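# Overview (structure and organization)
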Amino acid sequence: MNLIIAKGLLIPFIGTALGSALVFFMKKELDSRIQKILSGFAAGVMVAASVWSLLIPSMEMSSDRGKLAFVPAAVGFCFGMVFLLILDKTVPHMHLDETQEGVKSKLQKTTMMVLAVTLHNIPEGMAVGILYAGWASGSAQITEAGALTLALGIAIQNFPEGAIISMPLHSRGLSKAKSCWYGILSGVVEPIAGLITILIASLVMPVLPYFLSFAAGAMIYVVVEELVPEMAEGEHSNWGTIAFMTGFALMMILDVALG
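Just so it is clear, the model here is predicted, and its values are computed rather than measured. Chains are numbered independently. Their residues run from 1 in the order of the written sequence. Given that the model is predicted, a residue must reach a pLDDT of at least 70 before its local features are reported, and side-chain atom pairs must reach 80 or more before they are shown or counted; all residues, however, enter totals for whole chains, interfaces and linings. Side-chain metrics in this entry use all non-hydrogen atoms of the structure; hydrogen atoms and water are not considered.

## Let's talk about the overall build of the protein
Secondary structure follows DSSP: runs of H or I at least 4 residues long count as helices, runs of E at least 2 residues long count as strands, and numbering of each begins at the N terminus. The number of helices and strands found in the protein is 8 helices and 2 strands. In terms of overall size, the protein behaves like a compact globule, its C-alpha atoms giving a radius of gyration of 18 Å where 259 residues would be expected to give roughly 18 Å. On the principal axes, the C-alpha backbone points of the protein span a range of 55 × 35 × 35 Å. For the protein, the proportion of its 259 residues judged to be buried stands at 50%. For the radius of gyration, the atom set is restricted to C-alpha positions; the globular benchmark scales as 2.2 Å times the number of residues to the power 0.38. For every residue, the accessible area obtained with a 1.4 Å probe (protein chains only) is divided by the maximum for its type, and the residue is called buried under 20%, exposed over 50%, and partly exposed between those limits.

Dropping the structure here:
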């Protein structure tokens, strides 16, 4: 079981690492259309994963509450969004358009860009971790296949996200090797966040539904705050919308067919 969980936690990280390696095969700068497609696809995957893999199981596990089965899902969802909001306002980071957020810092721009992507990856690692924790606990609502499906779905959307961080770093003067390395580092937080979530959840299994919805809220925060604006602003926004549809449909199909 431990080996299965370890493999599951590493799958999203592998997606980020492979995507970061695209810097060796592509031009220095990402075309704005490509960037919107990648952001839209990632947003679609994350929304579908939040609903089918996290919020619905959270409510199913609380079915004994009757009409109040929504409480853990609603409470955890809100706390997840607030948690990411606090991180967003305190951790210094910089977005692709070079707008800076968080507390004032003298960190280099490249470091703050990596921190921005790292913030994206924290809730994804938590989401995978909490599903594997639920499966390990013997919950009937969470299967090994369901946890693996989420890990694969996040890995798929991490592949373009890896390129989104490594390509701009290279365009700002870093070597391809360093740009790839920074992209890989941004994904290291995922298995770490997943492992920490598993350890915490194993101690408080009665509140597992809250953990599921908490991860969903954190992921939706990233979608609304970062990915949707990136895919919708300026020209070629329709490409981002189509990519969102594709990512959402793909994750939904994976979760229902495999989970």
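More follows now that the structure is in view.
## Some points on the packing of helix α3 (residues 70-90) against helix α7 (residues 208-232)
To obtain each axis, a line is fitted to C-alpha atoms, and for helices this fit is confined to the stretch in contact; angles are then taken between N-to-C directions over 0 to 180 degrees. Their axes nearest at 6 Å, the elements α3 and α7 cross at an angle of 45°. Judged on the interaxial angle alone, α7 and α3 are oblique. Where α3 crosses over α7, the two elements pack in a sense that is right-handed. Within the contact of α3 with α7, the residues separate by chemical class into 18 nonpolar, 4 polar and 3 charged. Oblique is the label for every angle not falling under 35 degrees (roughly parallel), over 145 degrees (roughly antiparallel), or within 65 to 115 degrees (roughly perpendicular). It is the rotation of the near helix from the far one that decides the hand of a crossing: anticlockwise by less than a right angle makes it left-handed, clockwise makes it right-handed. Classes in brief: Ala, Val, Leu, Ile, Met, Phe, Trp, Tyr, Cys and Pro nonpolar; Asp, Glu, Lys and Arg charged; the others, Gly included, polar.

## Let's talk about the nonpolar core
For this analysis, a nonpolar core means a set of buried residues of the types Ala, Val, Leu, Ile, Met, Phe, Trp, Tyr and Cys, connected via side-chain atoms within 4.5 Å. Counting residues in each nonpolar core, the largest one holds 43 residues, and the members touching the most others are Leu 54 and Leu 150. Where this core is concerned, the elements lending two or more residues are α1 (2-20), α2 (32-61), α3, α4 (109-136), α5 (144-171), α6 (176-203), α7 and α8 (237-258). For this core, the element with the most residues is α7, which contributes 11 residues. Membership of the second largest hydrophobic core comes to 8 residues, among which are Met 94, Met 112, Met 113 and Leu 174.

## Brief notes about α2
Every helix has an expected span of 1.5 Å times one less than the residues it contains. Under the 1.5 Å per step criterion, the end-to-end length of α2 is 42 Å for 30 residues, consistent within 8% with the ideal 44 Å. Note that the bend at a residue is defined as the angle between axes fitted to the seven residues ending at it and the seven residues starting at it. The sharpest bend along α2 reaches about 30° and sits at Ser 50.

## Points about the confidence of the model for the protein
pLDDT runs from 0 to 100 and stands for how confident the predictor is about each residue. Residue-level pLDDT values for the protein average 87, and 97% of them are 70 or greater. No element of the protein has a lower mean pLDDT than strand β1 (residues 93-94), at 77, and none a higher one than α3, at 93.

## Section: α8
With 22 residues, α8 should cover 32 Å at 1.5 Å per step; its first-to-last C-alpha distance of 31 Å lies within 8% of that length. By the burial criterion, the buried members of α8 are Gly 240, Ala 243, Gly 247, Met 251, Leu 254 and Asp 255. Mapping the buried residues of α8 onto a view down its axis gives an arc of 95°, with all of them on the same face. In α8, those exposed residues whose orientation departs by more than 90 degrees from the buried face are Asn 238, Met 245, Ile 253, Val 256 and Ala 257. For α8, the elements touching its buried residues are α2, α5 and α7. Note: the arc covers the axis-to-C-beta directions of the helix. Contacts between residues were defined by any pair of non-hydrogen atoms, one from each residue, lying within 4.5 Å.

## Describing the environment of Val 128
Within the element layout of this structure, Val 128 appears in helix α4. Along the primary structure Val 128 and Pro 12 are separated by 116 residues, whereas in three dimensions their C-alpha atoms are 8.7 Å apart. In this structure Val 128 touches Gly 8, Leu 9, Pro 12, Leu 150, Ala 151 and Ile 154, once residues within four positions along its chain are discounted.

## Notes on the packing of α4 against α7
At a minimum axis distance of 9 Å, the contact between α4 and α7 shows a crossing angle of 155°. In terms of orientation, α4 and α7 fall into the roughly antiparallel class. α7 is crossed by α4, and the crossing has left-handed handedness. For the pair α4 and α7, contact is made by Leu 119, His 120, Pro 123, Glu 124, Met 126, Ala 127, Ile 130, Leu 131 and Gly 134 and by Leu 208, Phe 211, Leu 212, Phe 214, Ala 215, Ala 218, Met 219, Val 222, Glu 226 and Leu 227, respectively. When the residues that make up the contact of α4 with α7 are grouped by side-chain class, the tally is 15 nonpolar, 2 polar and 2 charged.

## Brief notes about the packing of aromatic side chains
Any two of the Phe, Tyr and Trp rings considered here, Trp counted by its six-membered ring, make a pair once their centres fall within 6.5 Å; the pair's planes then place it as stacked at under 30 degrees, edge-to-face at over 60, or tilted in between. Per the stated rule, a full pass over the model turns up 4 aromatic pairs. Aromatic side chains Trp 52 and Phe 248 sit 5.6 Å apart centroid to centroid with 75° between the ring planes, which places their arrangement in the edge-to-face category. Of the two residues, Trp 52 sits in helix α2 while Phe 248 sits in helix α8, which places them 196 residues apart along the sequence. Taking 5.4 Å as the distance between ring centres and 45° as the angle between the ring planes, the aromatic pair formed by Phe 83 and Phe 214 counts as tilted. Separated by 131 residues along the polypeptide, Phe 83 in helix α3 and Phe 214 in helix α7 bring together distant segments of the chain. By relative accessible area, Phe 83 is classed as partly exposed at 33%. By way of ring pairs, the aromatic residues Trp 52, Phe 244 and Phe 248 are connected into one cluster.

## Regarding a nonpolar patch on the surface
Each patch groups residues whose relative accessible area exceeds 30% and which form no salt bridge, using 9 Å between like charges and 5 Å between nonpolar side chains of Val, Leu, Ile, Met, Phe, Trp and Tyr. Every accessible area reported is derived by Shrake-Rupley at a probe size of 1.4 Å, with residue values counting cover from the shown protein chains alone. Only one rule defines a salt bridge in this text: a Lys or Arg side-chain nitrogen within 4 Å of an Asp or Glu carboxyl oxygen. The grouping of Trp 181, Leu 185, Val 188, Ile 192, Ile 196, Ile 200, Leu 203, Val 204 and Val 207 at the surface amounts to a nonpolar patch, some 780 Å² of accessible area in total. Of note, Ile 200 is situated in helix α6. The exposure class assigned to Ile 200 is partly exposed, which follows from its relative accessible area of 41%.

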